[in-house]
Amino acid sequence: MIARSEVQEKSIEDSRLYQLWSAIADTKALLKAILEESLEAVNATRGTISLVDYRTGELVTEFAAGVGWSEEKFGLRFKITHEPGNSISSYVAYSGMPYVCPDVTKDPYYYPLFPDTRSELAVPLIGRGGRVLGVLNVESEKVNAFGKNEVKVLSALASIAAFALSLATHQTREKALIELGKELAATPDIDALLEKVTEVASRLLDADDCSLFLLDKSINRLVLRASRGLLRSMVGKATYRLGEGLTGWVALNNKPARLNGVVGDPRWKGLYLELKPEEISAFMAVPVRGRKEVMGVLRVLRKKAHLSAPHYLFSEEDEELLFTLANQLGAALDREELQRRLFTMQHIATIGELAARTAHMIGNKVFAMKGALKELGLQLSNLPLLESTQRLLGSIERALYEVETLLQDLRDFVKATQLNLQPVCLSEVVRELVQDYAQEFPHISFELQMDEQPVWVKGDVEKLRNAISELIENSVHFLKEGGKISIRLAKSTWVGQKHARLIIRDTGPGIPEKLKEQIFQPFFTTRAKGMGLGLAIVKGIIDAHGGTIEERGREGEGALFIITLPAIEPTQGGEN
Amino acid sequence: MGRILVVDDEELAREAIKLRLERDGHQVDTAASEAEAIEKIRNSNPPYDVVITDMVMESENSGLEVLKASLLRDVLTEVIILTAYGSVANAVECLKRGAYDYLEKNIPGVDVYDLLALKVERAMEHRAESLGLLKRLQSYQQPVAAQEEPLD
């Protein structure tokens with residue numbers, strides 16, 4: 001009875017816990033202090049704080065206090081279960097409720113550790129969302145040592161311990177997020193940054209693997225860009241269609257997915273797996289959201305410790321964290337895209353200005369030379385000339401005309417980005433072009449595939465026509481008799497944004513891998529004629545429309561150009 | 001044949017145009033800048049029949065200034081604008097403000113000098129027509145003015 005009154009008098013505020021509160025960063029010291037405080041508060045002989053190992057579904061003794069502890073009794077692991085004989089703590093971790101055992105000799109859950117133990121009291125450490133983090137357990141050599149008051153006091157101390165544990169997790173996560181934020185802002189290499197995100201996500205979420213898929217608009221697929229484990233070798237190769245598998249579902253619906261295991265989920269396809277399905281303990285994926293649209297999917301997995309281990313689920317808190325990571329990434333990707341576009345535009349503008357001035361000067365000189373040449377020709381026409389002299393005059397004239405052709409190319413290049421925007425029925429433009437080219441080049445077969453619904457875009461009809469013509473002409477140039485050009489136009493919807501996708505594929509020699517980087521650069525050509533501004537102009541036009549163009553063919557299998565342009569509704573076609 | 005002023009800051013170009021037009025029997029003056037051109041236009045007597053001017057010289061709008069000076073001197077002077085590099089937009093602006101025509105200096109495969117000579121011929125005809133019309137208008141107005149008086 002004396003012990004009990006002491007319990008009531010002793011208030012938590014007086015305790016040395018409050019001195020420790022200022023040193024809250026040291027969670028271990030705090031938990032130890034709580035344990036010691038507990039023994040004193042309820043007059044117990046010894047006690048433990050055990051924490052849940054979610055991965056194995058076991059309870060691990062982490063802290064012990066009181067008399068009689070030895071090495072081999074330390075670090076014991078108990079299966080968390082309602083089955084008897086697995087320790088009282090383990091049953092409390094299972095039930096999530098305090099448990100008073102007045103006499104251990106009659107208790108089914110009791111696991112004998114000390115011969116003098118007579119009674120026990122165990123309370124759970126409950127974290128956010130009712131999750132059991134661990135168990136605070138005290139015991140006494142007296143029978144029936146613990147009652148209602150002890151339960152109350154111990155529960156209060158347990159809640160402080162639980163709070164300290166949650167806070168520690170929270171602080172670790174916060175710190176990592178701040179660090180990642182700094183890196184996202186400072187890392188210029190986008191691939192290194194994606195790696196970093198998967199690394200941080202794995203570490204913070206206690207996940208065994210993390211993969212990041214980003215949308216590639218030109219092929220309308222999610223492409224694996226970074227992964228930690230097994231899938232690493234598939235980076236750049238593994239792809240999901242929108243809506244395909246859980247990953248595709250997350251991207252298409254712009255919603256997170258959080259499951260225990262994946263076997264049995266109807267959305268699961270298991271195309272690309274970090275783990276065998278039966279090894280997956282829990283799966284979580286969130287969309288990576290950019291300013292305007294979903295840009296990709298970030299997914300994490302936990303592996304089962306062994307096949308019969310319980311599911312180690314991702315919590316709501318985990319989901320929030322993954323969302324935060326994904327949002328930070330989305331913002332960084334947005335910024336990167338903006339910078340890239342700005343740089344390209346400035347680059348083009350600089351080239352444009354330089355080109356315009358140079359062309360103006362050259363044009364003037366060429367004009368003068370043509371005039372002088374003409375007068376020279378007239379003056380010489382009265383004299384008897386050698387045939388070779390006539391030829392030389394002709395060559396000079398032709399060369400001058402060629403210079404003028406180059407000037408025109410340059411002008412086209414500069415003008416490519418100056419658009420006169422109108423609603424344009426892209427379907428009609430493509431159909432007309434294909435008809436014209438099919439007539440002009442009967443030795444090549446043209447195949448056109450289009451949706452019944454016409455596809456509209458906001459654009460400069462002349463420039464778009466030029467761009468598509470250039471691509472078709474490019475194909476024609478490299479095709480032999482009997483070659484084929486397939487053109488496909490379709491509308492694709494991508495969370496909130498509709499895109500027109502135009503695919504031009506030919507059966508020519510294709511573009512060598514090592515040249516792919518350069519084909520869209522100005523002044524690159526493998527053709528003898530012209531300046532090689534063709535594809536650079538095409539890209540300039542498409543970029544200026546807010547679209548993308550890429551070459552996806554394989555060398556030896558023909559060229560494959562994919563253009564995407566932001567689509568508009570046909571009804572908008574009538575406006576403006 | 002016509003009295004023509006050729007304005008271009010490129011000496012070779014001026015000379016080549018002058019030679020070409022003189023072959024057609026025109027009397028050709030030249031000016032090497034916007035300022036020199038405006039000076040010559042103001043002091044011309046009688047005014048030039050046709051002024052051929054480069055669009056871009058001292059400024060982007062040199063051609064426009066030469067056009068203004070020409071029309072101020074004689075509203076029926078025909079002005080042809082030359083553009084070297086795609087300043088078509090400026091040239092179109094000149095057309096709106098009363099230029100007779102414009103010509104791109106660099107059209108691959110086209111003999112621009114012959115084309116210019118042709119445009120000058122047309123400009124001369126146009127000017128002659130306008131002058132004729134003006135004369136008829138004046139002779140028409142005089143009797144009307146005479147008739148109106150008694151009614152007052």
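Cut-offs and rules
- Residues numbered from 1 in each chain as written.
- Chains lettered and ligands numbered in written order.
- Predicted model: local features only at pLDDT ≥ 70, side-chain atom pairs only at ≥ 80, totals over all residues.
- Pairing = 2+ DSSP bridges.
- Helix = DSSP H or I, 4+ residues; strand = E, 2+ residues; numbered from the N terminus.
- Axes fitted to C-alpha atoms, helices over the stretch in contact; angles between N-to-C directions.
- Contact = placed C-beta atoms within 7 Å.
- Expected span 1.5 Å × (residues − 1).
- Buried ≥ 20, exposed ≤ 12 C-beta atoms within 10 Å, placed from the backbone.
- Nonpolar A, V, L, I, M, F, W, Y, C, P; charged D, E, K, R; others polar.
- Core = buried A, V, L, I, M, F, W, Y, C linked by C-beta atoms within 7 Å.
- Domains from an automatic or database assignment.
- Parallel < 35°, antiparallel > 145°, perpendicular 65-115°, else oblique.
- Left-handed = near helix turned anticlockwise from the far one by under 90°.
- pLDDT = per-residue confidence, 0-100.

**Description of the sheet that holds strand S3 (residues 50-54) of chain B**
Residues and elements named next belong to chain B. Taken in spatial order, the five strands make up an open sheet running S2-S1-S3-S4-S5, and their pairing is parallel. The open sheet is flanked by strand S2 (27-31) and strand S5 (101-104), the only strands paired with a single partner. Taking each pair of neighbouring strands and ignoring which way they run, the sheet shows an average axis angle of 20 degrees. Inspection of the sheet shows strand S4 (residues 78-83) paired to S5 by four bridges, in the parallel sense. Looking across to S5, one finds that Ile81 is bridged to Tyr102. The sheet contacts of helix H3 (residues 62-73) involve strand S1 (3-7), S3 and S4, and relative to S3 the element is tilted by about 165 degrees.

**Some remarks on helix H3 (residues 27-42) of chain A**
In an α-helix, one turn spans 3.6 residues, which is why side chains three or four residues apart end up on the same side. Residues and elements named next belong to chain A. With 16 residues, H3 ought to run about 22 Å at 1.5 Å a step, and its terminal C-alpha atoms sit 22 Å apart, in line with that. If you check which residues of H3 are buried, you get Leu30, Leu31, Ala33, Ile34, Leu35, Glu37, Ser38, Ala41 and Val42. Of the residues flanking the end of H3, it is Asn43, one or two places downstream, whose phi is positive at about 55 degrees.

**Some remarks on the interface of chain A and chain B**
On the side of chain B, 18 residues touch chain A, which itself brings 19 residues to the contact. Secondary-structure elements contributing two or more residues to the side of chain A that touches chain B are helix H8 (316-381) and helix H9 (387-415) of chain A. Among the elements that take part in the side of chain A that touches chain B, H8 of chain A stands out by supplying 13 residues, more than any other. Residue classes in the side of chain A that touches chain B are distributed as eight nonpolar, six polar and five charged.

**Overview of the sheet that holds strand S12 (residues 294-303) of chain A**
Strands belonging to one sheet form pairs held by backbone hydrogen bonds; the direction of such a pair is parallel or antiparallel. All names here are of chain A. Across the sheet, six strands lie side by side as S9-S8-S7-S12-S11-S10; this open sheet has antiparallel pairing. If you trace the sheet from one side to the other, it starts and ends with strand S9 (239-241) and strand S10 (257-259), each paired once. Direction aside, neighbouring strands of the sheet carry axes that sit 20 degrees apart on average. In this sheet, S12 lies alongside strand S11 (residues 280-289) in antiparallel orientation, the contact comprising nine bridges. The partner of Ile280 across the bridge, within S12, is Lys303. Its contacts with the sheet place helix H6 (residues 190-204) against strand S7 (209-216), strand S8 (221-227) and S12, and it is angled at close to 140 degrees to S7. Here helix H7 (residues 245-253) sits on the sheet in contact with S7, S8, S9, S10, S11 and S12, set at roughly 30 degrees to S11.

**Focus on the nonpolar core**
Residue and element names in this part refer to chain A. Leu136, Ala161, Ala201, Leu298 and Leu322 are the most contacted members of the largest nonpolar core, which totals 97 residues. For this core, the element with the most residues is helix H5 (residues 148-186), which contributes nine residues. Counting contributing residues per domain, this core is built from domain 1 (2-173) and domain 2 (185-332), each supplying no fewer than three. Formed by 42 residues, the second largest nonpolar core is a distinct cluster that contains Phe413, Ala467, Leu471 and Leu535.

**Some remarks on the packing of helix H10 (residues 426-440) of chain A against helix H11 (residues 461-478) of chain A**
All names here are of chain A. Two numbers describe how H10 lies on H11: the axes approach to 10 Å, and their chain directions differ by 40 degrees. Taken together, the axis directions place H10 and H11 in an arrangement best described as oblique. Relative to H11, the crossing made by H10 is right-handed. Together, Val429, Val430, Leu433 and Tyr437 of H10 and Val461, Leu464, Arg465, Ile468, Ser469 and Ile472 of H11 make up the contact between the two elements. Split by residue class, the contact of H10 with H11 holds eight nonpolar, one polar and one charged.

**A few points about the confidence of the model for chain A**
Residue and element names in this part refer to chain A. The share of residues in chain A with pLDDT of 70 or more is 91%, and the mean pLDDT across the chain is 84. For chain A, per-element mean pLDDT is lowest for helix H1 (residues 2-9), which scores 50, and highest for strand S5 (residues 119-126), which scores 95. Note that residues 1-5 has pLDDT below 50 and, in this model, two contacts with residues that lie over four places away or in other chains. Every residue in residues 572-576 is under pLDDT 50, and counting partners more than four places away or in other chains gives six contacts.

**A short note on the pairing of S5 of chain A**
Residue and element names in this part refer to chain A. By the criterion of burial, S5 is predominantly enclosed, with eight of the eight residues buried. Pairing between strand S4 (residues 99-101) and S5: three bridges, direction antiparallel. Looking at S5, one finds that Tyr99 is bridged to Ala122. Here S5 folds back onto strand S6 (residues 132-140) in antiparallel fashion, the turn holding five residues, of which Gly129 has a positive phi close to 75 degrees.

**Section: the packing of helix H2 (residues 34-43) of chain B against H3 of chain B**
Residue and element names in this part refer to chain B. Where H2 contacts H3, the two axes come as close as 9 Å, and the packing angle between them is 5 degrees. If you check the angle between H2 and H3, you find them roughly parallel. Between H2 and H3, the residues in contact are Glu34, Ala37, Ile38, Ile41 and Arg42 and Ser62, Glu65, Val66, Ala69, Ser70 and Arg73, respectively. Across the contact of H2 with H3, the residue classes tally to five nonpolar, two polar and four charged.

**Section: the pairing of strand S17 (residues 497-506) of chain A**
Residues and elements named next belong to chain A. By the criterion of burial, S17 is predominantly enclosed, with seven of the 10 residues buried. Sheet analysis places S17 next to strand S19 (residues 560-568), joined by seven bridges and oriented antiparallel. The residue bridging Arg501 from the neighbouring strand is Thr564, located in S19.

**Notes on H7 of chain A**
Residues and elements named next belong to chain A. Across the nine residues that make up H7, a large majority, eight, are buried. Where H7 is concerned, the buried positions are Gly245, Leu246, Thr247, Gly248, Trp249, Val250, Ala251 and Leu252. As for H7, its buried residues are in contact with S7, S8, S9, S10, S11 and S12.

**Regarding unusual backbone geometry**
Residues Asn45 of chain B and Pro46 of chain B are joined by a peptide bond in cis, for which omega reads -5 degrees. Assignment of secondary structure puts Pro46 of chain B in the loop between H2 and S3. The phi torsion at Asn144 of chain A lies on the positive side, around 55 degrees, for a residue other than glycine. Along the chain, Asn144 of chain A turns up in the loop between S6 and H5.

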